[in-house]
Amino acid sequence: MVLPRFLAELKHRNVYRAAVVYAAVGWALLEAADVVLPRLGFPDWAVNVVLAVVLLCFPLAIVFAWIFDLNTQGIVRTAPLSPQAHSHRLNLPAIVEFVLICILVITVGYLYVDRLSLKKRLIEPEIAVQQTPAIPNPEKYRAIAVLPFADMSEAGDQAWFAEGIAEELLIALSQVKPLSVTGRTSSFAFKNTNKTIAEIAEILGVQAVLEGSVRRFGERVRITAQLVDAGSGYQIWSGSYERKVADIFQLQDEIAKSIVGILKLELGVDTNEALIPVSTSKLDAYNAFIRGRASFDWANPEGLHESIKYFEMAVAVDPGYADAWGYLAYARGLMALWQSTEATSGPTTVAYQKALAINPNQSDALAIKGWMKQLLEWDWESAGRLYRQALASSDSPNAMLTYGMFYLPIIDEIPRAIELLMKAEQLDPLQAGFKSNLAMLHIWSGNPQAAIEKAKEALALSPKHIFAQMALVEAYILSGNCDLVLEIVDALPERLRKEPRIFGRLGVCHALLGEEDKAREIYKHVKETTPYY
């Protein structure tokens, strides 16, 4: 019979063993490719290429095993069985062995093909899971916080990307009235802490918390998010999404609108209009922008330099990126706190002109243009109009800062400035910068005690905050406590002690104490080393 002889030949030529070994090695190779190739920067389809090669080479491996054998003599041609070396009748063990091998090969082949079809399904821009249970009273959730999303990428090197996505959602949701969204600094202060959702919500004064995770692999990203009731831990909404990274804006907009919908909020705009518009089509530009935004810190010259570097990278990749130009203008403009106005005004003007040519309502560009109008032209009317336009386009904390600190006090509107900065503080209660600015406003209004309290609150959050230390020193000088100022400054690290804004005020104290020589020495040092101050 032909079949018994064929089965015997399969066993004689080690075809069964070759099939099993090939399936095992092929599967291991595919698993390794799935992990290694994306981390080496290869596109997603590279894994599919490996899968296709493994499948196509399987028949070749079987043919090779039929024809050749590997033994001590090397690769040799396999001789057929002699007619006497096998039985002409089927036997149960041979049939069972053949069936088991066929089942194994079919199973492995199915897993290969299923894996390929899964890859294809993942390419489709569909929501994997979205749960929107009925909420008994959605109107009670009107104050929420967006926590930094966890980085679940295998290499653990995408925290900046995960936080950037969370910040985009935070900014988008803050545009929806009457929703009150806690600012970035306060929400992100709980990164890597062991505090519960209830504890975080109590500190921030919110009724719900949005948390989530991001896994970026190759050219794809998977985001899971959930909105949680602060008191009960009840899951108000959850969603799991997967897209190409290039579709990140649409994905973020979809998440934001899902939250707005479940909370029964009115968008205030056309439902077809994006909460998070596509601001750039260049992924590298977006990556650089969110890294620059994460580095931005107006009270830290190193942070400003770092953010400027990233914003410049973003606009170099995409010259039509209005938000990147706006942030670049704002960061360059605030370098006037650390450099001369002459050194910063030119690059600042170029950047805000670029931003406003693309988007006339870009709030950061409008705000910094207002400040440049003050510094360079002393055009208070135009500056005020630009600040108000910036605040009308969005509740930008940057616009609040410049309008409240650089404009309103100068036109003798300190109460309005305090009111505005208090609003900013309520939105971002753990932001040391707003508290230090409020401290200075209290000093200018003649209330040193309130200034001392605010400065101490700021320093409790950020002990090395230069402007908080400056405000504390100034408040104690105003209250007539120069001896305490000398103690405070003497205890500061060298870098802070020699900062002109603090060191110069130390000279004021020496002058008030009658130590004129020390005061003149400090004044001379500040003048020689800090020409912009």
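Keep in mind that what you see is a predicted model, and the values were worked out from it rather than measured.

**Student:** Tell me about the overall build of the chain, and name the residues and values.
**Tutor:** A count of helices and strands for the chain gives 23 helices and 9 strands. Relative to its full complement of 533 residues, the chain shows a buried share of 47%.

**Student:** Quick rundown of the packing of aromatic side chains? Include the residues and the values.
**Tutor:** Here the structure, examined in full by the defined rule, presents 15 aromatic pairs. Measuring from centroid to centroid gives 6.4 Å for Phe296 and Tyr327, while their planes differ by 90°, and the two rings are edge-to-face. Of this pair, Phe296 sits in the loop between helix 9 (283-295) and helix 10 (301-317) while Tyr327 sits in helix 11 (residues 322-334), placing them 31 residues apart in sequence. Site record: aromatic cluster; members linked through ring pairs are Phe289, Phe296, Phe311, Tyr321, Tyr327 and Tyr330. The aromatic ring of Trp338 is capped on one face by Arg501, whose charged end is 4.8 Å from the ring centroid.

**Student:** Any details on helix 5 (residues 159-174)? Residues and values, ideally.
**Tutor:** Side chains that are three or four residues apart share a direction in an α-helix, a result of its 3.6 residues per turn. With 16 residues, helix 5 ought to run about 22 Å at 1.5 Å a step, and its terminal C-alpha atoms sit 22 Å apart, in line with that. Across the 16 residues that make up helix 5, a large majority, 13, are buried.

**Student:** Go over the side chain of His510 with me, naming the residues and quoting the values.
**Tutor:** Checked against the element boundaries, His510 lands in helix 22 (residues 500-512). The class of His510 is buried, set by a relative accessible area of 9%. Apart from the residues lying within four places of it in its own chain, the contact partners of His510 are Leu486, Glu515, Glu516, Lys518, Ala519 and Ile522.

**Student:** An account of the packing of helix 9 against helix 10 is needed here, citing residue identities and associated values.
**Tutor:** Where helix 9 meets helix 10, the closest approach of the two axes is 8 Å, and the angle between their N-to-C directions is 165°. Classified by the angle between their axes, helix 9 and helix 10 sit roughly antiparallel to one another. Along this stretch, helix 9 crosses helix 10, giving a crossing that reads as left-handed. Facing helix 9, whose interface residues are Asp284, Ala285, Ala288, Phe289, Arg291, Gly292, Arg293 and Ser295, helix 10 presents Gly303, Glu306, Ser307, Tyr310, Phe311, Met313, Ala314 and Val317. In terms of residue class, the contact of helix 9 with helix 10 is made up of 8 nonpolar, 4 polar and 4 charged.

**Student:** A description of the pattern of salt bridges should follow, citing residues and the corresponding values.
**Tutor:** Inspection of every chain in the model, using the stated rule, returns 21 salt bridges. In this structure, Glu425 engages Lys454 in a salt bridge whose closest nitrogen and oxygen atoms are separated by 2.6 Å. Of this pair, Glu425 sits in helix 16 (residues 414-427) while Lys454 sits in helix 18 (residues 448-461), and the two are 29 residues apart along the sequence. The same class applies to Glu425 and to Lys454, which are both buried. Several salt bridges share partner residues, and in doing so they unite Glu163, Glu167, Glu168, Arg184, Lys191 and Arg293 into one network.

**Student:** Tell me about the packing of helix 16 against helix 17 (residues 432-444), and please be specific about residues and values.
**Tutor:** The relative placement of two packed helices comes down to the angle between their axes together with the axis-to-axis distance. Two elements in contact, helix 16 and helix 17, have axes separated by 10 Å at closest approach and are oriented at 160°. In terms of orientation, helix 16 and helix 17 fall into the roughly antiparallel class. Helix 16 and helix 17 meet at a crossing whose hand is left-handed. Along its contact with helix 16, which presents Ile414, Ala417, Ile418, Leu421, Met422, Ala424 and Glu425, the element helix 17 presents Phe434, Lys435, Asn437, Leu438, Leu441, His442 and Trp444. Partitioned by chemical class, the residues of the contact of helix 16 with helix 17 number 10 nonpolar, 2 polar and 2 charged.

**Student:** Kindly report on the pairing of strand 9 (residues 235-244), identifying the contributing residues and their values.
**Tutor:** In terms of residue burial, strand 9 counts as a mostly covered element, since 8 of its 10 residues are buried. Here strand 8 (residues 220-229) runs beside strand 9; their pairing, made up of 9 bridges, is antiparallel. Across the sheet, the residue bridging to Arg222 is Glu242, located in strand 9. Linking strand 8 back to strand 9 in an antiparallel pair, the connection comprises 5 residues, with Gly233 at a positive phi of about 80°.

**Student:** Help me get a handle on unusual backbone geometry, residues and values and all.
**Tutor:** In this structure, Asn192 is a non-glycine residue whose phi angle is positive, near 60°. With respect to the element layout, Asn192 can be found in the loop between helix 6 (184-188) and helix 7 (197-204).

**Student:** Help me get a handle on helix 9, residues and values and all.
**Tutor:** For helix 9, with 13 residues, the first-to-last C-alpha span of 19 Å sits near the 18 Å given by 1.5 Å per residue. Three or more residues of helix 9 are buried, namely Ala285, Tyr286, Asn287, Ala288, Phe289, Ile290, Gly292 and Arg293.

Here is what the cut-offs are and how they apply
Residues numbered from 1 in each chain as written. Predicted model: local features only at pLDDT ≥ 70, side-chain atom pairs only at ≥ 80, totals over all residues. Heavy atoms only, no water. Helix = DSSP H or I, 4+ residues; strand = E, 2+ residues; numbered from the N terminus. Buried < 20%, exposed > 50% of the residue type's maximum accessible area, 1.4 Å probe, protein only. Phe/Tyr/Trp six-rings, centres within 6.5 Å; stacked < 30°, edge-to-face > 60°. Lys NZ or Arg CZ within 6 Å of the ring centre and 35° of its normal. Expected span 1.5 Å × (residues − 1). Contact = heavy atoms within 4.5 Å. Axes fitted to C-alpha atoms, helices over the stretch in contact; angles between N-to-C directions. Parallel < 35°, antiparallel > 145°, perpendicular 65-115°, else oblique. Left-handed = near helix turned anticlockwise from the far one by under 90°. Nonpolar A, V, L, I, M, F, W, Y, C, P; charged D, E, K, R; others polar. Salt bridge = Lys/Arg side-chain N within 4 Å of Asp/Glu carboxyl O. Pairing = 2+ DSSP bridges.

Structural measurements only, silent on function.
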